[in-house]
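What the coordinates show
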Amino acid sequence: MSDNRLSVFKTYKLYVGGKFPRSESGRVYEVTDSKGKWLANAPQSSRKDARDAVTAARKAFGGWSGATAYNRGQILYRIAEMLEGRRDQFVREVAEAEGLSKSKAAAVVDAAVDRWVWYAGWTDKIAQVVGGANPVAGPFFNLSTPEPTGVVTVLAPQESSFLGLVSVVAPVIAAGNTVVVVASAESPLPALSLGEVLATSDLPGGVVNILSGKTAEIAAPLAAHQDVNGIDLTGADAELAKELEIAAADNLKRVSRPQAVDGDDYDWTAAPGTHRLTAFLETKTVWHPTGALGASGSSY
């Protein structure tokens, strides 16, 4: 075979509603590696792209939140299987994005796959941890159960392009929410490639929607959007986070502002715990009469 063949450059696209649109604005921006070498052109999302992503996430919410927790776990595990199958691709993209050696990038990708498996295992267990029967003074059953918040915007970490991304996206969908992800502005390629994995998995279209571009430009309309129920500010700096919190207050969005606002200094290799699973869960409490209680006890 000839060594003079032309390079086949990859065209990266957004992932919205299970499809791969270009930005409706037609804009792209250059993505470079840690040494400034050009890697690809990524789509630069617009406000219209953000609104389309919310529409897709809302449409998918009923089916995803209504699925059994066991089924969601199966689907998340399938995604982990597919990530493992494309390990070499993600190792290369993470190495280029974060300036890591191949061995260090491989360790990051392995940790990300393991984390996805970890959250997959929690889908049918979190209800037992945060829900349960409550003791009350009276002839009633009093039961608290967790329910997903709804459509959640997630600002992915700026520096941890893959492990950090998985760590903020997987728990939100494991809990039954649908999500609009704003990828790292400087290193969006692993996130856009994740969309290709999701599209060929069993995950319904619209459960995860991935946008790339300028974080502040995309996040502002999402924080103010009346049909977005929650926002994770991990990838926002202190100034932007404050602006987004103010916008989110207009429709009482649930806001997660982890660490000291800036996610770049966070140790993504640390044990994740369950706090990201519960960040976008609501508690529903139901009272149910047990029947008349006589001198000998319950009528049941």
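Look above for the structure.
Heads up: these notes are all about the structure in this document. As the structure is a prediction and not an experimental result, all values here were calculated from the model. (Residues numbered from 1 in each chain as written. Predicted model: local features only at pLDDT ≥ 70, side-chain atom pairs only at ≥ 80, totals over all residues. Heavy atoms only, no water.)

**Points about the overall build of the chain**
A count of helices and strands for the chain gives ten helices and twelve strands. A compact globule built from 300 residues should have a C-alpha radius of gyration of about 19 Å, and the chain, at 21 Å, falls within 12% of that. In terms of its C-alpha atoms, the chain occupies a principal-axis envelope of roughly 90 × 40 × 35 Å. Relative to all contacts within the chain whose residues are 6 or more apart in sequence, the contacts with residues 24 or more apart total 75%. Put simply, the chain has 29 plus and 33 minus side-chain charges, and the middle of one group is 5 Å from the middle of the other. (Helix = DSSP H or I, 4+ residues; strand = E, 2+ residues; numbered from the N terminus. Rg over C-alpha atoms; globule rule 2.2 N^0.38 Å. Contact = heavy atoms within 4.5 Å. Lys, Arg positive; Asp, Glu negative; His and termini not counted. Charge placed at Lys NZ, Arg CZ, Asp CG, Glu CD.)

**With respect to the packing of aromatic side chains**
Scanning the entire structure with this criterion turns up six aromatic pairs. Counting every residue linked through ring pairs, the aromatic cluster contains Trp118, Tyr119 and Trp122. (Phe/Tyr/Trp six-rings, centres within 6.5 Å; stacked < 30°, edge-to-face > 60°.)

**Details of the packing of helix α4 (residues 102-122) against helix α6 (residues 163-174)**
Contact geometry of α4 with α6 gives a least axis separation of 9 Å together with a crossing angle of 10°. One element, α4, and the other, α6, form an angle in the roughly parallel class. Contacts between α4 and α6 involve Val108, Ala111, Ala112, Arg115, Trp116 and Tyr119 on the former and, on the latter, Leu163, Val166, Ser167, Ala170, Pro171, Ile173 and Ala174. (Axes fitted to C-alpha atoms, helices over the stretch in contact; angles between N-to-C directions. Parallel < 35°, antiparallel > 145°, perpendicular 65-115°, else oblique.)

**Observations regarding the nonpolar core**
Nonpolar side chains tend to gather and get buried jointly when the protein is soluble and globular. Residues Leu83, Trp116, Phe162, Leu198 and Val208 are the most contacted members of the largest nonpolar core, which totals 60 residues. For Phe162, the contacting residues outside a window of four places in its chain are Leu83, Phe90, Val94, Glu98, Val109, Ala112 and Pro190. Grouped together as the second largest cluster of nonpolar side chains are 24 residues, Val16, Ala56, Val151 and Ile231 included. (Core = buried A, V, L, I, M, F, W, Y, C linked by side-chain atoms within 4.5 Å. Buried < 20%, exposed > 50% of the residue type's maximum accessible area, 1.4 Å probe, protein only.)

**Considerations on the pairing of strand β6 (residues 178-182)**
Looking along a regular strand, one sees the side chains alternate between the two faces of the sheet. Along β6, five of the five residues are buried, which leaves the element largely enclosed by surrounding structure. Here five bridges tie strand β5 (residues 151-155) to β6, and the two strands are oriented parallel to one another. Across the sheet, Val152 pairs through a bridge with Val179, a residue of β6. Between the parallel elements β5 and β6, the chain passes through α6 in a crossover that is right-handed. The sheet contact formed by β6 and strand β7 (residues 208-211) spans four bridges and is parallel. For Val179, the partnering residue across the bridge sits in β7 and is Val208. What joins β6 to β7 is helix α7 (residues 189-199), and the crossover it makes is right-handed. (Pairing = 2+ DSSP bridges. Right-handed = clockwise from strand over helix to strand, strands pointing away.)

**Some words on the pattern of salt bridges**
On inspection of all chains with the given rule, the structure shows 13 salt bridges. Between Asp124 and Lys125 there is a salt bridge, with its nearest N and O atoms 3.2 Å apart. Residue Asp232 is joined to Arg276 by a salt bridge in which the shortest nitrogen-to-oxygen separation is 3.1 Å. Here the residue Asp232 occupies a position in strand β8 (residues 230-232), and Arg276 occupies one in helix α10 (residues 275-278), the gap between them amounting to 44 residues. Considered together, Asp232 and Arg276 belong to a single accessibility category, that of buried residues. Look at the salt bridges and you will find they share partners, linking Lys10, Arg86 and Glu196 into a network. (Salt bridge = Lys/Arg side-chain N within 4 Å of Asp/Glu carboxyl O.)

**Points about the sheet that holds strand β4 (residues 140-148)**
Here we have three strands laid out as an open sheet, ordered β3-β4-β10, and antiparallel in their pairing. One side of each edge strand has no neighbouring strand; the edge strands of this open sheet are β3 (132-133) and β10 (281-289). Relative to β10, β4 runs antiparallel, the two sharing nine bridges. Counterpart to Pro148 in the pairing with β10 is Leu281.

**Comments concerning α4**
In a regular helix each residue adds 1.5 Å, so 21 residues correspond to 30 Å; α4 covers 31 Å between its end C-alpha atoms and thus fits that length. Buried within α4 are the following residues: Ala105, Ala106, Val108, Val109, Ala112, Val113, Arg115, Trp116, Tyr119, Ala120 and Trp122. The inward-facing, buried residues of α4 abut α2 (69-85), α3 (87-98), α5 (126-130), α6, α7 and α10. (Expected span 1.5 Å × (residues − 1).)

**What about the packing of α3 against α4?**
Two elements in contact, α3 and α4, have axes separated by 8 Å at closest approach and are oriented at 120°. Judged by the inter-axis angle, α3 sits oblique to α4. Judged by the sense of rotation from one axis to the other, the crossing of α3 with α4 is right-handed. In contact with Arg87, Phe90, Val91, Val94 and Ala95 of α3, α4 contributes Lys102, Ala105, Ala106, Val108, Val109 and Asp110. Class assignment of the residues belonging to the contact of α3 with α4 gives a composition of eight nonpolar, no polar and three charged. (Left-handed = near helix turned anticlockwise from the far one by under 90°. Nonpolar A, V, L, I, M, F, W, Y, C, P; charged D, E, K, R; others polar.)

The values reported here are purely geometric and, on their own, carry no functional implication.
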